[in-house]
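Coordinate inspection notes
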Amino acid sequence: MKKRQAYVRTEVGRLFGKKEFYFSVSGIVLILFLSANDGMGHMGDSVLAAVLLSSYDAGFLLTFSLAAIPYATAFTEELEYNYARYLVIRGNLRSYVFSKMLVIFISSVLAMGIGITCFAVCCAVNMPWLDEGMAEYILQFGGYRYFLAHGHYLLWFLLYGIQWGILAGILSMAAAFCSLFLPNKLLVYSVPVLLYQILTEFGADNFRRIAAFDPHVIFDARYNIWNSDIKMFTWALGAGGAAWLLFGLAGMRQLKRRM
């Protein structure tokens with residue numbers, strides 16, 4: 001456990017010094033602006049409407065690839081320069097893989113959460129935070145209503161972004177695992193979009209029939225299927241934890257072969 005914590009502290013410290021992280025956040029903000037624009041310069045009547053519109057557009061898919069940029073290729077890069085062997089020797093393979101997957105997950109959550117919050121702040125320059133229609137809908141059906149009702153708008157957008165970020169983290173971990181098989185970085189960065197499309201298209205006739213297993217519902221705080229913020233967030237985080245365990249075990253097995 002101590003070795004895993006040391007790995008995580010080291011990698012999280014490196015995260016905020018990586019230019020790729022800031023490129024990821026900036027790219028997410030840009031994609032959200034393009035996604036929220038209806039083609040005629042109209043982005044809705046409020047910041048809330050612009051954020052919800054941007055995350056509903058097909059262009060939003062690209063944010064998952066952008067969120068994967070800081071760390072999705074970390075395994076292959078460290079294998080290429082033999083840095084992975086050094087880290088494993090200092091600790092052990094299990095701690096190395098699971099800590100790396102955790103940092104990949106955290107980096108994507110932060111990139112998406114910060115990106116969506118920054119987009120909201122930019123929109124607030126010339127738009128009101130709320131409009132009556134969107135606010136009424138979220139206050140009736142959505143999550144984190146307390147923050148909107150009490151004027152804590154930035155906290156609402158941050159939590160909204162973090163919840164989408166959990167999905168981005170899952171997809172980034174999947175991309176990191178696939179990077180152990182794919183030699184091309186562009187293919188690795190495309191994995192989040194491809195996997196999300198698979199979950200969307202091929203899941204429509206089976207597991208997505210149940211709201212609790214639909215990624216469009218689990219990770220989108222405009223829905224609150226249990227009418228409880230704690231249950232909603234815990235369920236999304238639980239999905240992230242299950243994916244971390246799955247990809248961690250699968251990554252260990254593959255890295256043993258590569259090393």
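Procedures and definitions
Residues numbered from 1 in each chain as written. Predicted model: local features only at pLDDT ≥ 70, side-chain atom pairs only at ≥ 80, totals over all residues. Heavy atoms only, no water. Helix = DSSP H or I, 4+ residues; strand = E, 2+ residues; numbered from the N terminus. Rg over C-alpha atoms; globule rule 2.2 N^0.38 Å. Buried < 20%, exposed > 50% of the residue type's maximum accessible area, 1.4 Å probe, protein only. Contact = heavy atoms within 4.5 Å. Areas by Shrake-Rupley, 256 points an atom, 1.4 Å probe, with all protein chains shown as cover. Lys, Arg positive; Asp, Glu negative; His and termini not counted. Charge placed at Lys NZ, Arg CZ, Asp CG, Glu CD. 1 Å grid on protein atoms, 1.4 Å probe; cavity = no way out; pocket = protein on both sides within 12 Å on 5 of 7 lines; lining within 4 Å. Points joined across faces, edges and corners; volume = space filled by probe spheres on them. Nonpolar A, V, L, I, M, F, W, Y, C, P; charged D, E, K, R; others polar. Core = buried A, V, L, I, M, F, W, Y, C linked by side-chain atoms within 4.5 Å. Patch = residues over 30% accessible without salt bridge, like charges linked within 9 Å, V, L, I, M, F, W, Y side chains within 5 Å. Salt bridge = Lys/Arg side-chain N within 4 Å of Asp/Glu carboxyl O. pLDDT = per-residue confidence, 0-100. Axes fitted to C-alpha atoms, helices over the stretch in contact; angles between N-to-C directions. Parallel < 35°, antiparallel > 145°, perpendicular 65-115°, else oblique. Left-handed = near helix turned anticlockwise from the far one by under 90°.

Broken down by element type, the protein carries 13 helices and zero strands. Put simply, the protein runs from its N terminus to its C terminus through helices and strands in the order α-α-α-α-α-α-α-α-α-α-α-α-α. Taken over the C-alpha trace, the protein has a radius of gyration of 19 Å; the compact-globule value for 259 residues is 18 Å, and the two agree within 12%. With the C-alpha coordinates aligned to their principal axes, the bounding extent of the protein is approximately 60 × 35 × 35 Å. Within the protein, buried positions represent 50% of all 259 residues. When contacts within the protein are restricted to residue pairs at least 6 apart in sequence, those whose partners lie at least 24 apart make up 78%. Summed over its atoms, the accessible surface of the protein is roughly 12600 Å², and 65% of this surface lies on carbon and sulfur atoms. Here the protein carries 21 positive and 16 negative side-chain charges, and the mean point of each set is 21 Å from the other.

Space inside the largest pocket adds up to approximately 360 Å³. With six residues, helix H13 (residues 229-258) is the single largest residue contributor to the lining of the largest pocket. Among the residues making up the lining of the largest pocket, the classes are represented as 17 nonpolar, no polar and no charged. There is about 210 Å³ of room inside the second largest pocket. Lining the second largest pocket are 13 residues, with Ser55, Tyr56, Trp164, Tyr196 and His216 positioned closest to its centre. Partitioned by chemical class, the residues of the lining of the second largest pocket number seven nonpolar, three polar and three charged.

Soluble globular proteins: nonpolar side chains tend toward being buried together. Of all hydrophobic cores here, the largest spans 77 residues; its most connected members are Phe64, Phe75, Tyr96, Met101, Phe119, Trp156 and Trp164. Per-element tally for this core: the top contributor is helix H7 (residues 93-123), with 15 residues. Once residues lying within four places of it in the same chain are set aside, the contact partners of Phe75 are Tyr96, Val97, Lys100, Met101, Ile104, Ala176, Ser179, Leu180 and Leu255.

It is worth spelling out a nonpolar patch on the surface at this point. Nonpolar side chains collect at one region of the surface, where Tyr137, Phe141, Phe207, Ile210, Phe213, Tyr223, Ile225, Trp226 and Trp235 lie side by side and expose about 830 Å² of accessible area between them. By secondary structure assignment, the location of Phe207 is in the loop between helix H11 (185-201) and helix H12 (215-218).

For the protein, the mean per-residue pLDDT works out to 87, and 93% of the residues sit at or above 70. Looking across the protein, the model is least confident in helix H1 (residues 2-15), with a mean pLDDT of 66, and most confident in helix H10 (residues 153-178), with 96.

With that settled, the discussion passes to unusual backbone geometry. Located in the positive-phi region is Tyr144, a residue other than glycine, with phi close to 55°. Since its relative accessible area comes to 3%, Tyr144 is described here as buried. Although it is not a glycine, Asn227 adopts a positive phi angle of roughly 55°. By the secondary structure assignment, Asn227 is in the loop between H12 and H13. Take Asn227: its relative accessible area is 54%, and that puts it in the exposed class.

With that settled, consider empty space enclosed by the protein. Here the idea is plain: a probe the size of a water molecule rolls over the atoms and shows the empty space left. As enumerated under the stated definition, the model contains one cavity of 30 Å³ or more in all. Along its surface, the largest cavity is lined by Val217, Ile218, Tyr223, Asn224, Ile225, Trp226, Met232 and Trp235. At the level of elements, H12 and H13 are the ones that each hand at least two residues to the lining of the largest cavity. When its residues are assigned to classes, the lining of the largest cavity shows seven nonpolar, one polar and no charged.

What follows concerns the packing of H7 against H13. Running from N to C, H7 and H13 point in directions that differ by 135°, and their axes come no closer than 9 Å. For the element pair H7 / H13, the angle class is oblique. H13 is crossed by H7, and the crossing has right-handed handedness. Contacts between H7 and H13 involve Leu93, Arg94, Tyr96, Val97, Phe98, Met101, Leu102 and Phe105 on the former and, on the latter, Gly240, Trp244, Leu245, Phe247, Gly248, Leu249, Gly251, Met252, Leu255 and Lys256. A breakdown of the residues in the contact of H7 with H13 according to their chemical character gives 13 nonpolar, three polar and two charged.

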